[in-house]
Structure formats: C-alpha cells, structure tokens
Amino acid sequence: MTTVEPMTASALQAAERPQRFGALYIAEHQLRAMRAYGWTIVVSSVGSPLVYLLGIGLGLAAFIDQPVASGPAGPVDYVWFVAPALLVAAAVGVATEEFTYVVMAGFRWRRIFWGMNASPVSPEQICSGLVLSVAARMLFTTAVYYALVVAFGAVGNPWAGLAMPFVGLLAGLAFGLPLLAYSATLTEDGGQFAVVQRFIFTPLFLFSGTFYPLDSVPVGLQWIGWISPLWHASELGRQLSYGSTPGGWPWVAHLAVLLVMAGVGWVLARRTFVRRLRG
Amino acid sequence: MSAPVIAAEGLTKTYGSLTAVAGIDFEVPPGESFGLLGPNGAGKSTTMRMVGAVSSRSAGTLRVLGLDPDTHGPAIRSQLGVVPQEDNLDTELRVRDNLIVYGRYFGIPRRTCATRADELLEFAQLADKARSKVDDLSGGMKRRLTIARALINEPRILMLDEPTTGLDPQARHVLWDRLFRLKERGTTLVLTTHYMDEAEQLCDRLVVVDHGKIMAEGSPSALIRQYSSREVVELRFGSERNAPRRRGSRERRSASRCCPTGCCSTRTTARRSSSTSPPRVCTPPRAWCGAPRSRTCSFGSRGGA
Ligand SMILES: Nc1ncnc2c1ncn2[C@@H]1O[C@H](COP(=O)(O)OP(=O)(O)OP(=O)(O)O)[C@@H](O)[C@H]1O
Ligand SMILES: [Mg+2]
C-alpha cells in the first residue's frame, strides 16, 4: 500500500517558490512578450517627447508672450509648465494600451491568462505580474521622457525633478488600475476601448490643466481636473520642477488622490481576476 | 492497492441554476490512465477544472494528492500538467520560449527550464521548430507543444482535455504514441474524449458521463462488451440526388456504431463489419436505449434527408 503522503509533502514544497515569486514570473513572461513590439515601445518613448518638446518649446512657446503659469518666484517658462504634464500623459498613454487590449488578449484572444492559471501561480499574482510589467514599461517611458526634458532645459530643478518619472508612473497606475479592473470584466471588445481612448483619455488630456492652468478653465469644467490623475500628477511634477504655484493644492493632497485611485483600482482589479479565473 | 491520487465523492458544480456536474464519484490510483467519455456539455471539462484546482466545487469532497483544492490549489497545481481543451499557447513567443516561460511559473530555474525544453521538444518531435513562431505550427504541432508544455514541471498527473480533437488520423496516432510512452513511464493520465477508440487506446479505465452524471464505468473492453449488443441501423431516406448510387436501393443507408455518448469506435467497426457498405453500428448502453430521445449518430454524407 503506497500512501499519498510523500506526494502531498512534495506538492506542498513545490508550491513554495511560485507562491512567493509568482508575480515576478508573470512579469518576466510579459516583458518577454513585449519584446515582440519592443521597437514600437522604444521609438514611441523617444519620438513622442521629441515631437512635443520641440513643437512646444520651439514652436508654440514663441507665440505665447503672456506668462501662463508662475511658481513661487514669479512667472515660469511655458515649457517648464507643460513638460511635467506631457511626461505624465505619456505614462497614462501606456496604460490605455497595456491595460486594455493586452488584457483582452490575455483572457480572450491569446488566452494566455488561462494557461498561467493552470500553474501554481494564483489569479492575484497574474494580475500583479501584469501590473509589474506594465509599470516597468511606464517607468522606462517616463525615464526616457525625463532625460529629454532635462536635455531641453524644460525643468527648473533637474535634481528634484528626478522624482518626476515616478510621479508619471503613479499617474499611469492611478488611471490604469481602475481601467484594468474594468477591462478584466469584458468578454468582448465591442468598441469600449476606443471609447476609453476618445472619450476619457483625450478629454482628460485636454481639460486637466495640461496646456494651461486648471483655474483658467470655466468653473463648470474644473471638476474634470479634480478627478483626473493627469492633473494631480502634473501638479506634483510642477512642484518638483519649480515649486508650488501660489494658491495651489498642497502636494500631499495630490499624492493622496493618486494613491487612493491606484489603490482602489488595484483591489478591484485583483478581485476581478480572481472572479474571472476561478469561475 | 494504492491510495488514490484523485478521489472525488459527490463532486458537484452548479452555474446558477444549471448543474454542470451532478454529484460524481471516482478514484484514480497512481499510474492509472483514467478517461472521462461523454458528449458535448456532459461536464467533462468542468470536472477537469475542479480536479485541476482552478474552479471551486459547489458540493462534495475532492482530494488531489491528498490535498483539498479549495485550500491547497497552488500545491496541487504544482504537480499537474494541464492540456486544456482550447490551446492557450503564447502565440507572440517562439516555440521554445513558450516552454521556458511556462516552466518559470513553477519556480523552476531558467537553466533547468532550458534543458527540459530541449528534451521535450525532442519528445514532441518539434526540435526543428524550436525557433518558429507558434502561429506557424499546424494544429497537431500546437497540440504536441501544449502537451510538451504540460510536462515541463515533470507532473505526477497529466490532465488532457480532448487531446486529439480536430486532428487528422495520423496526427492522432502520433499523439497517442507520445501519451502511451508517458503512461509507460508511470505518469498518471486523466483524459477526456468523445471517442471510444481513443479511450480504448489510452485508458485503463473510464467513466461515461452525461448530464453531469456517471452512466457507466469500467475498462474500455468491458464497456464495449457490456453495451455493444445488437446493431442499430439508422436509416435515412435521402433525395435522389443525395442517395448513394447503389443498385436496387434508393434509400441511403448508414448505420453507425456508437459509444454511449454518440461517438463512434472505428476500430470496433472494422472488426465487426460484414456487409458491403461499411456499416457503423450504434450501440448506446441500455440506460439510453430505452430512452425515447434520439441519440443516434448520423454518419451519412452531409446535407442528406
Ligand atoms: N463558466 C461557465 N459558466 C456557465 N456555464 C458553464 C460554464 N462552463 C461550463 N458551463 C456549462 O456546464 C455544462 C458542462 O460543460 P463542460 O464544458 O464541462 O462540458 P464538456 O463535457 O467538456 O463538453 P465538450 O465535450 O463540449 O467540451 C454545459 O452545459 C456548459 O454550458
Ligand atoms: Mg469540454
């Protein structure tokens, strides 16, 4: 009579590493998969800041003679004002790609989440691993962006500004994790992602005090900024670059809003993954 | 006598008001090759998912390797190899990389994954495709790759959900051969199939499932002996155009040999065929024969009647 006890013991032991590092394994897989479109990532990470910074720094700024924004020491260069917002928008842009179609592919088109699901890795770890890999891509994007921002002299205090890539990352997650939670519930792409892109991301990008201060927006529309991770993160980035605007929100408030958004999204996303993969 | 590696009692799964698995009991001893045979919607995949610790049961008890999937999912899954009904290979990765990333999920060091990947590609006769894109593989190759992937963690139990559905006869035989080798090495196999001939080839023992219940249980040969009694001839009266040109007969005749689940056993057919047109004999188990609902399989040319 053989018993199952030795098998039970080795099963319990074999599960230890995956239970600890499962999310990293998933991230490793996702990053490997990103290599397939690695060039697109690199080109867009370098290309889009170049286009925006050149266009605004050399083009648009030349037409703006009135100071648009000011720091504690008076008016600042327009490009100083815009650069943090552009950097943040780049991270949020990554989120709109990676937390929509990639999620749909994982559950539905390539079905790779189901493959992962049959391994010792848990649904929560699949979710976390995906988030980790996207966070890595966002951080790459924002770091490249920041390097170009420095190169263009588009930052007041380049040292304090070193935290800006992380602010961008936080914005990407504050926008992206709730989006991930939503995407993970979808069983079919009936154009919802295009709606997110056109009717959520684009208006947020335009009305979040990206190109002009939020208080120059009609009061009736200012709430868009208040609920927008783009605005909160841009303001944080500006404070790093040239200090806080007189009369603005304290930086902790911006940080808190971003953390709450990302935190709520994180909890919801993990829950959705569990519900979907453990049906 | 060995303690079972899988033991299910009153295993049940409901989705809302639908009962997909309606209280089934079975045990699988180590090294056995165990089959679940049944028609579409019988509850085979659902059972596999519960055993695979990815779907929680609604009632009953279930132990896999002595562990409860509800509380020890990761430990159970670490010892399983899973070949799902629908392939879920990563088509954006190359063939060999698919195996390596999968091995990583089990916490296997990269280097070990790479060695095993090469061995498994050899085993699955895909060594020359190692650097191909998954999309460039044929259906049979993808299936073999999925099986290779399921073996990367050297599983104690290999779970195969319809391993050969959609493959041509030759590809099926290649797969059977590979699975047979695994069985000889002592891997416990649990597989689902629609085909009695596949069950005959691969299973030591099988249960016939329908509507979430076990209808019959035994070795494939015993089940065939027990249930294949008289021939059931299915007659179809086709139009002139669709009727086969046979002298003196206008009606198209196709008789089918069927397993209880409406799947045919080609091997048995060949053995028993006597008449000129290859008859296929339909022999549902008694439990079904009595039932008025039609369970006949039709194998005539399409578009008839
Ligand atoms: N996630 C789900 N939600 C709701 N119903 C489900 C779900 N999965 C399966 N079912 C239902 O449970 C029943 C059994 O399905 P299952 O997939 O287990 O059948 P099967 O025996 O594997 O069939 P097939 O041979 O077609 O693969 C079916 O009626 C199916 O519609
Ligand atoms: Mg099935």
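Before going into details, it helps to say that this report is about the structure given with it. (Residues numbered from 1 in each chain as written. Chains lettered and ligands numbered in written order. Predicted model: local features only at pLDDT ≥ 70, side-chain atom pairs only at ≥ 80, totals over all residues. Heavy atoms only, no water.)

## Comments concerning the coordination of the magnesium ion (ligand 2)
All names here are of chain B.
Phase 1 of the analysis: Protein ligation of the magnesium ion (ligand 2) involves S45 (OG) and Q85 (OE1), the donor distances falling in the range 1.9 to 2.1 Å. Here Q85 lies in the loop between β5 (80-83) and α3 (95-104) and S45 lies in helix α1 (residues 44-51), a separation of 40 residues in the sequence.
Phase 2 of the analysis: Owing to a relative accessible area of 16%, S45 belongs among the buried residues under this scheme. (Donors = N, O, S within 2.8 Å, 3.2 Å for Na, K, Ca; no water. Helix = DSSP H or I, 4+ residues; strand = E, 2+ residues; numbered from the N terminus. Buried < 20%, exposed > 50% of the residue type's maximum accessible area, 1.4 Å probe, protein only.)

## Observations regarding empty space enclosed by the protein
Phase 1 of the analysis: Tallied over the entire structure, the rule returns 2 cavities of 30 Å³ or more.
Phase 2 of the analysis: Here the second largest cavity defines a volume of roughly 40 Å³.
Phase 3 of the analysis: Around the second largest cavity sit A:H29, A:I112, A:G115, A:M116, B:N88, B:L89, B:D90, B:N98, B:V101, B:Y102, B:Y105 and B:R149, which together line it.
Phase 4 of the analysis: Breaking the lining of the second largest cavity down by element, the ones donating at least two residues are α6 (112-117) of chain A together with α3 of chain B. (1 Å grid on protein atoms, 1.4 Å probe; cavity = no way out; pocket = protein on both sides within 12 Å on 5 of 7 lines; lining within 4 Å. Points joined across faces, edges and corners; volume = space filled by probe spheres on them.)

## Examining the packing of aromatic side chains
Phase 1 of the analysis: According to the stated counting rule, one finds 15 aromatic pairs over all chains in the structure shown.
Phase 2 of the analysis: Where A:Y101 meets A:F193, the ring centres are 5.0 Å apart and the plane angle is 75 degrees; that geometry is what we call edge-to-face. Of this pair, A:Y101 sits in helix α5 (residues 101-109) while A:F193 sits in helix α9 (residues 192-207), placing them 92 residues apart in sequence.
Phase 3 of the analysis: With a relative accessible area of 38%, A:Y101 lands in the partly exposed category.
Phase 4 of the analysis: With a centroid separation of 6.0 Å and 10 degrees between ring planes, the pair formed by A:F201 and A:F205 is classed as stacked. Of this pair, A:F201 and A:F205 both sit in helix α9, 4 residues apart, which is roughly one turn of the helix. For the pair A:F201 and A:F205, a shared accessibility class is recorded, and that class is buried.
Phase 5 of the analysis: A network of ring pairs unites the aromatic residues A:Y52, A:F175, A:F201, A:F205 and A:F211 as a single cluster.
Phase 6 of the analysis: Its end group placed over the ring of B:Y102, B:R149 keeps NZ or CZ at 4.3 Å from the ring centre.
Phase 7 of the analysis: Cation over ring: B:R178 sits above B:F123, and NZ or CZ is 5.6 Å from the ring centre. (Phe/Tyr/Trp six-rings, centres within 6.5 Å; stacked < 30°, edge-to-face > 60°. Lys NZ or Arg CZ within 6 Å of the ring centre and 35° of its normal.)

## Some remarks on the interface of chain B and chain A
Phase 1 of the analysis: Chain B puts 41 residues into the contact, and the matching count from chain A is 37 residues.
Phase 2 of the analysis: Overall, the association of chain B and chain A removes approximately 3,300 Å² of surface from exposure, summing both partners, and the carbon and sulfur fraction of that is 57%.
Phase 3 of the analysis: At the junction of chain B with chain A, the criterion picks out 6 salt bridges.
Phase 4 of the analysis: Residue A:R111 pairs with B:E86 through a salt bridge whose shortest N-O separation is 3.7 Å.
Phase 5 of the analysis: Where chain B packs against chain A, one counts 14 residue pairs in polar contact (both at pLDDT 80 or more).
Phase 6 of the analysis: Put simply, the parts of the chain that give the side of chain B that touches chain A at least two residues each are β1 (6-15), α2 (69-77) and α3 of chain B.
Phase 7 of the analysis: Top contributing element to the side of chain B that touches chain A by residue count: α3(B), with 5 residues.
Phase 8 of the analysis: By residue class, the composition of the side of chain B that touches chain A is 20 nonpolar, 10 polar and 11 charged. (Contact = heavy atoms within 4.5 Å. Buried area = accessible area lost by both parts, 1.4 Å probe. Salt bridge = Lys/Arg side-chain N within 4 Å of Asp/Glu carboxyl O. Polar contact = N/O pair within 3.5 Å; in protein donor to acceptor, adjacent residues only side chain to side chain. Nonpolar A, V, L, I, M, F, W, Y, C, P; charged D, E, K, R; others polar.)

## A word on the site of ligand 1
All names here are of chain B.
Phase 1 of the analysis: As a structural note, the neighbourhood of ligand 1 is formed by 15 residues, with G41, K44, S45, T46 and H194 the closest of them.
Phase 2 of the analysis: Separating an oxygen atom of ligand 1 from a side-chain N or O atom of N40 is a distance of 2.8 Å.
Phase 3 of the analysis: E162 is positioned with one of its side-chain polar atoms (N or O) 3.0 Å from an oxygen atom of ligand 1.
Phase 4 of the analysis: If ligand 1 stood free it would expose 630 Å²; the protein chains cover 65% of that surface.
Phase 5 of the analysis: If you list the elements that add at least two residues to the shell around ligand 1, you get β2 (18-28) and α1.
Phase 6 of the analysis: Here the element with the most residues in the shell around ligand 1 is α1; it accounts for 4 residues.
Phase 7 of the analysis: In the shell around ligand 1, the residues fall into 5 nonpolar, 7 polar and 3 charged. (Near = heavy atom within 4 Å. Areas by Shrake-Rupley, 256 points an atom, 1.4 Å probe, with all protein chains shown as cover.)

## A word on the packing of α3(B) against helix α5 (residues 139-150) of chain B
Residues and elements named next belong to chain B.
Phase 1 of the analysis: It is at 9 Å that the axes of α3 and α5 come closest, and there the two elements cross at 30 degrees. In this view, α3 runs roughly parallel relative to α5, as classed from their interaxial angle. Read as a crossing pair, α3 and α5 show a hand that is right-handed. Here V95, N98, L99 and Y102 of α3 lie close against α5, whose contacting residues are L145, A148 and R149. (Axes fitted to C-alpha atoms, helices over the stretch in contact; angles between N-to-C directions. Parallel < 35°, antiparallel > 145°, perpendicular 65-115°, else oblique. Left-handed = near helix turned anticlockwise from the far one by under 90°.)

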